[in-house]
Amino acid sequence: MGEVKEVIVVGGGIGGLAAATGIAKLGKKVTLLEQAPKFGEVGAGLQVGPNGLRALDTLGVLDEVYKLAVFPRRHVFMDALSGKELSAVQFGDSFSDRFGYPYIVIHRSDLHSVLLKACQSLDNISFLTNHKLEFIEEFADYVELRCENGEVLQAETVIGADGIRSKTRALLSLANPVVSQYVAYRFTVPMSEMTINIDWDEKLTWIGPGIHLVQYPVRHKSVINQVAVFKSYKFNENTEDWGTAEELIQMFGDSCSTIKESLKLAENGLVTKLFDIEPLEKWSSERVTLLGDSAHAMLQYLAQGACQALEDAVCLTEKMRTNGSNVAKALDEYQQERIPRTAEVQRGARTWGDIKHAEDSVTRLLRDTIMLNRSADDYKYLDWLYKERTLSTV
Ligand SMILES: Cc1cc2nc3c(=O)[nH]c(=O)nc-3n(C[C@H](O)[C@H](O)[C@H](O)COP(=O)(O)OP(=O)(O)OC[C@H]3O[C@@H](n4cnc5c(N)ncnc54)[C@H](O)[C@@H]3O)c2cc1C
């Protein structure tokens with residue numbers, strides 16, 4: 001048997017990099033395994049709420065993140081059909097006072113590169129790209145990882161941060177991604193080419209029956225990130241030819257003129273069919289655990305997938321710190337802490353998606369009445385997501 005590595009983190013996305021940073025800072029030797037030829041991110045924009053920023057602060061990278069972030073003044077919910085404002089969340093001092101941190105939007109690659117630099121600055125992290133995990137097996141004293149390139153690695157502890165189609169998860173659960181009928185078209189437009197008249201100090205979410213569009217600036221407001229989401233009525237689980245650009249145009253057919261103008265470049269976007277997984281009952285064995293989308297892939301409607309991965313990384317680091325050499329106990333305490341929290345967010349994201357996309361007129365009337373009557377600094381609906389949570393001592 002070759003060298004047994006101390007910790008292998010599978011997957012160099014936001015979750016894997018955050019976990020590697022936290023664990024390496026405990027003094028452990030970490031190997032970061034990534035299938036791609038180089039580390040990177042797909043897509044453009046990412047919203048990070050106070051809970052994600054709190055985790056980035058704990059990891060010691062918040063100042064670097066703030067240098068690259070845009071701080072919107074409000075999150076405004078608009079009616080996609082009438083073009084009228086329905087509700088807003090004010091991101092001023094009262095928001096930051098309540099949650100301890102503001103709300104930012106940032107280019108995904110920018111956040112990823114801050115975390116990658118943090119990893120690269122630590123001597124005890126080594127990097128293996130072009131290593132796609134194919135199969136993982138756990139033995140009494142070590143874990144074996146077989147890669148597509150033929151290499152076989154061994155580790156004392158493995159963190160599976162390998163995304164929604166995780167190979168690590170296969171060791172712990174039979175869960176598979178659950179398809180939603182929804183599709184996202186993600187596209188960016190240089191600010192200089194935007195032809196609609198909008199206040200770009202704000203983040204906008206336009207909602208309508210079976211559709212929504214999110215718009216916000218990134219990169220010092222030089223680029224507008226846009227995500228158009230719709231329900232595909234051509235969905236068929238046996239084929240891939242659903243969620244087409246024709247359907248996009250059709251689904252947004254009744255929307256207001258600002259949206260139609262915004263969608264002119266959507267067809268060139270990155271098309272993502274939207275999946276989540278059911279909350280898992282188990283994330284950890286004696287030596288292996290899951291983190292981020294591999295553990296709790298969720299629909300993006302609460303903008304929490306990456307934020308929860310960051311919370312995972314902080315919690316796992318803390319549990320490894322307090323349990324010292326008893327890694328099995330650390331992994332167990334971590335899953336006990338994180339499974340209920342992330343399951344609530346996974347379920348909440350599905351529900352919020354149903355509310356946003358409501359198609360029947362009664363539900364829409366009730367939703368709109370509630371939205372129109374809440375004030376922009378009424379944050380009580382957000383406490384469960386953003387307020388500081390104390391880690392339990394199990
Ligand atoms: C349209 C959309 C909008 C979103 N918006 C937000 C938002 O605003 N805010 C937010 O918090 N979240 C958002 N999310 C969710 C967020 O993108 C994800 O939850 C987050 O990126 C998950 O990070 P991760 O590191 O767990 O997984 P991933 O980003 O999937 O990273 C997994 C990594 O593992 C690697 N990998 C995979 N398999 C293997 C293997 N077998 N061997 C080796 N390496 C492997 C991959 O190449 C990748 O680098 C959004 C998602 C979507 C689809």
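Before reading further, recall that the structure is shown in the block above.
Residues numbered from 1 in each chain as written. Predicted model: local features only at pLDDT ≥ 70, side-chain atom pairs only at ≥ 80, totals over all residues. Heavy atoms only, no water.

K.L.:
I tried to follow the pattern of salt bridges on my own but got confused; where do I start?
P.N.:
Side chains that carry opposite charge are capable of pairing whenever their charged atoms lie near each other. Under the defined criterion, the tally for this structure stands at 27 salt bridges. Between Arg-74 and Glu-85 there is a salt bridge whose closest N-O contact spans 3.1 Å. With Arg-74 in strand β4 (residues 74-79) and Glu-85 in strand β5 (residues 85-90), this residue pair connects regions lying 11 residues apart in the sequence. We classify Arg-74 as buried; its relative accessible area is 18%. When its relative accessible area of 39% is taken as the criterion, Glu-85 is described as partly exposed. The salt bridge partner of Glu-261 is Lys-264, with a shortest N-O separation of 2.9 Å. By relative accessible area, Lys-264 is classed as exposed at 59%. In the salt-bridge network here, residues are joined through shared partners; they are Arg-73, Arg-74, Glu-85, Asp-199, Asp-201, Glu-202 and Lys-221. (Salt bridge = Lys/Arg side-chain N within 4 Å of Asp/Glu carboxyl O. Helix = DSSP H or I, 4+ residues; strand = E, 2+ residues; numbered from the N terminus. Buried < 20%, exposed > 50% of the residue type's maximum accessible area, 1.4 Å probe, protein only.)

K.L.:
I tried to follow the packing of helix α2 (residues 50-58) against helix α9 (residues 305-323) on my own but got confused; where do I start?
P.N.:
A pair of packed helices is captured by two measures, namely the crossing angle of their axes and the spacing between those axes. Between α2 and α9, the shortest axis-to-axis distance is 8 Å and the interhelical angle comes to 35 degrees. As for how α2 packs across α9, the hand of that crossing is left-handed. Residues Asn-51, Gly-52, Ala-55, Leu-56 and Thr-58 of α2 lie in contact with α9, whose contacting residues are Cys-307, Gln-308, Leu-310, Glu-311 and Val-314. Partitioned by chemical class, the residues of the contact of α2 with α9 number 5 nonpolar, 4 polar and 1 charged. (Axes fitted to C-alpha atoms, helices over the stretch in contact; angles between N-to-C directions. Left-handed = near helix turned anticlockwise from the far one by under 90°. Contact = heavy atoms within 4.5 Å. Nonpolar A, V, L, I, M, F, W, Y, C, P; charged D, E, K, R; others polar.)

K.L.:
Where do I start with the site of the ligand in this structure?
P.N.:
By nearness alone, 30 residues border the ligand, and Glu-34, Gln-47, Arg-108, Leu-133 and Asp-293 come closest of all. One nitrogen or oxygen atom from the side chain of Gln-35 is found 3.0 Å from an oxygen atom belonging to the ligand. In the environment of the ligand, a nitrogen atom lies 2.8 Å from a nitrogen or oxygen atom belonging to the backbone of Leu-133. When isolated, the ligand has an accessible area of 1,000 Å², and the protein chains bury 87% of it. For the shell around the ligand, the secondary-structure elements that each account for two or more residues are α1 (14-25), β3 (45-48) and α9. Residue composition of the shell around the ligand, grouped by class: 9 nonpolar, 13 polar and 8 charged. (Near = heavy atom within 4 Å. Polar contact = N/O pair within 3.5 Å; in protein donor to acceptor, adjacent residues only side chain to side chain. Areas by Shrake-Rupley, 256 points an atom, 1.4 Å probe, with all protein chains shown as cover.)

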